[in-house]
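Spelled out, the chains give:
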Amino acid sequence: MHLCDLEKKEYLSCLKSSGHTSEKCRHLSKKYLQCRMEKNLMAKQDMSELGFGKESNMEASGQKVNERIDNQS
């Protein structure tokens, strides 16, 4: 059926270009899962149940990760 192929390809391309660092591609993973739920290809679930917090801005999330890493040094 290929209903969410574009989203899947974007996510896989991001993984390849980021050296398979999934954190950098979380926004695309979320977009892909949302597409699948909208097209009834998977059961609808709250995104928080799938590991996505309420924070939608991934740059802010990345900043928090960097802050934790800086604080541990």
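Here is a short report on the structure shown in this document.

Rules used throughout
- Residue positions are counted from 1 within each chain, in the order its sequence is given.
- For a predicted model such as this one, the threshold for reporting local features is a pLDDT of at least 70, and the threshold for listing and counting side-chain atom pairs is 80 or more; totals across whole chains, interfaces and linings nevertheless cover every residue.
- In computing side-chain values, all of the structure's heavy atoms are included and hydrogens and water are not.
- Note on method: axes are straight lines fitted to C-alpha atoms, helices fitted across the in-contact stretch only, with angles between N-to-C directions ranging 0 to 180 degrees.
- Labels follow the DSSP assignment, with helices taken as runs of H or I lasting at least four residues and strands as runs of E lasting at least two, numbered in each case from the N terminus.
- Angles below 35 degrees are treated as roughly parallel, those above 145 as roughly antiparallel, those between 65 and 115 as roughly perpendicular, and all remaining angles as oblique.
- Note on convention: the crossing is left-handed when the near helix lies turned anticlockwise from the far helix by less than a right angle, right-handed when the turn is clockwise.
- Contacts: residue pairs with any heavy atoms within 4.5 Å of one another.
- Ten residues, namely Ala, Val, Leu, Ile, Met, Phe, Trp, Tyr, Cys and Pro, are considered nonpolar, four, namely Asp, Glu, Lys and Arg, are considered charged, and the remaining ones, Gly among them, are considered polar.

1. So, the packing of helix 1 (residues 5–17) against helix 2 (residues 26–38)
- At a closest axis distance of 9 Å, the pairing of helix 1 and helix 2 adopts a crossing angle of 160°. Comparing the axis directions of helix 1 and helix 2 gives the class roughly antiparallel. Read as a crossing pair, helix 1 and helix 2 show a hand that is left-handed. Across from Glu 7, Lys 8, Glu 10, Tyr 11 and Cys 14 in helix 1, the residues of helix 2 making contact are Leu 28, Ser 29, Lys 31, Tyr 32 and Cys 35.
- For the contact of helix 1 with helix 2, the per-class residue count stands at 5 nonpolar, 1 polar and 4 charged.

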